[in-house]
Amino acid sequence: MRSPLLLSAGFRHAFFLRNGGVSPAPFDSLNFSVSVGDTPAHVHDNLRIAADDLGVAADHILYLDQIHSALVLPGSRADHAATYRTTQGDGVVSADPLVACAVRTADCAPVLIADRASGAVAAIHSGWKSTAQDIVAAGVRALRELAGGRVDLLAAVGPHIEACCFEVGDDVATTLAGASPDHEVVRPGPRGRPHVDLRRIIHAQLARAGVAQQAIDHVRGCSVCDRERFFSYRRDGARSGRMLAAIVARASK
Ligand SMILES: [Zn+2]
């Protein structure tokens, strides 16, 4: 799936679906995690498929060992992919047009951010814990530092566990409501427990961080509801595959 907004600004990117890869069930088929039980050979082939789509080399797709933090790290073509991928963090920022900044998700929200002024980009893994720590603000800060001047930001929030399925305990609901500039983000679900709208929280956090309202795109889909298109940890448990979301910097004007 693509964001029309990012496309119109000339940023190569994708929110990859679970389809079109080589992994067998239950990782069928475009899975990007070996830690769930899939083989490195399958993930390697899937990375090549993503690399072809993004127009970069497979070992220039940079993602981190994700830990649900608010840590955003810079990456470039000088980084050795295998080393980078075992470094802990939840966001990647780069101005290198040969590199794809990437995150892997199954229910957590992937957020792609781009600066039209410098061409620099960021990929952010905003699950509920990172959302509670306002990781998109950390991503915007890292982009501003890298750009080093006036920025003109765009963002796209990808498919994840939407409010229909994101039922949580009262403690999580309270934590997330406290992290949200928009207070209309929790509503009671059909079973009386709170449902949280992560998309709405992330939108409000992006706006507070300086992304204009009309520069925030939404690529919608619920990972839990739509088994055909998405992996979901909540639905499928520990052996759920992981999807990739990635964006490539473009040379500055
Ligand atoms: Zn749903």
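Residues numbered from 1 in each chain as written. Predicted model: local features only at pLDDT ≥ 70, side-chain atom pairs only at ≥ 80, totals over all residues.

We now examine the overall build of the chain. In terms of regular secondary structure, the chain is built from eight helices and 12 strands. In terms of C-alpha radius of gyration, the chain reaches 17 Å, essentially the compact-globule figure of 18 Å for 253 residues. Taken along the three principal axes of its C-alpha coordinates, the chain extends 50 × 45 × 30 Å. In the chain, which comprises 253 residues, the proportion classed as buried is 51%. Within the chain, residue pairs in contact and separated by at least 24 positions form 65% of the contacts whose partners lie at least 6 positions apart. (Helix = DSSP H or I, 4+ residues; strand = E, 2+ residues; numbered from the N terminus. Rg over C-alpha atoms; globule rule 2.2 N^0.38 Å. Buried ≥ 20, exposed ≤ 12 C-beta atoms within 10 Å, placed from the backbone. Contact = placed C-beta atoms within 7 Å.)

Spatially, 3-4-7-6-8-11 is the arrangement adopted by the six strands of the open sheet, whose pairing is mixed. Among the strands making up the open sheet, the edge pair consists of strand 3 (72-74) and strand 11 (216-218). For this sheet, the mean inter-axis angle between neighbouring strands, taken without regard to orientation, is 20 degrees. Summarising the sheet, strand 6 (residues 109-115) and strand 8 (residues 153-157) pair through five bridges and their orientation is antiparallel. Residue pairing for strand 8: D115 is matched across the bridge by L153. Across the sheet, helix 5 (residues 135-147) is in contact with strand 3, strand 4 (91-94), strand 6, strand 7 (121-126) and strand 8; its angle to strand 7 comes to roughly 165 degrees. (Pairing = 2+ DSSP bridges. Axes fitted to C-alpha atoms, helices over the stretch in contact; angles between N-to-C directions.)

The next thing to look at is unusual backbone geometry. Here the amide bond leading from A25 into P26 is cis, since omega sits at 5 degrees, within 30 degrees of zero. Residue placement: P26 occurs in the loop between strand 1 (13-15) and helix 2 (40-54). Looking along the chain, the bond that leaves D28 and enters S29 is cis, with omega of -10 degrees. Inspection of the secondary structure puts S29 in the loop between strand 1 and helix 2. Of note in the backbone geometry, H68 takes a positive phi value of approximately 60 degrees without being a glycine. Positioned with a positive phi, D134 is a non-glycine residue whose angle comes to about 55 degrees. With respect to the helices and strands, the residue D134 is situated in the loop between helix 4 (128-132) and helix 5.

Before going further, it helps to spend a moment on the sheet that holds strand 12 (residues 243-248). Note on sheets: strands pair through backbone hydrogen bonds, and any given pair is parallel or antiparallel. Spatially, four strands are ordered 1-12-5-2 in an open sheet, and the strand pairing comes out mixed. Edge strands, defined here as strands with exactly one partner in the open sheet, are strand 1 and strand 2 (61-62). Both strand 2 and strand 5 (residues 100-105) contribute to a ladder of two bridges, which runs parallel. Considered in strand 5, the bridge of L62 is made with C101.

With 78 residues, the main nonpolar core has C101, A102 and A246 as its most contacted residues. Excluding residues that lie within four positions of it along the chain, A102 makes contacts with I61, L62, Y63, V92, A123, L244, A245 and A246. (Core = buried A, V, L, I, M, F, W, Y, C linked by C-beta atoms within 7 Å.)

The next thing to look at is helix 7 (residues 198-208). The element helix 7 is extensively covered by neighbouring structure, given that eight of its 11 residues are classed as buried. L198, R199, I201, I202, H203, A204, Q205 and L206 are the residues of helix 7 that are buried. Looking one or two residues past helix 7, G210 carries a phi angle of roughly 115 degrees, positive in sign.

The next subject is the environment of A120. Along the chain, the position of A120 falls in the loop between strand 6 and strand 7. As a C-alpha pair, A120 and A251 span 131 residues in sequence and 8.2 Å in three-dimensional space. Residue contacts for A120: discarding those within four places in its chain leaves V93, S94, A95, D115, L143, L146, A147 and A249.

For the rest of this paragraph, the subject is the environment of A212. Mapped onto the fold, A212 is located in the loop between helix 7 and strand 11. Accessibility expressed as a C-beta count within 10 Å gives 12 for A212, which makes it exposed. Along the backbone, A212 and A95 are 117 residues apart, and their C-alpha atoms lie at a distance of 21 Å.

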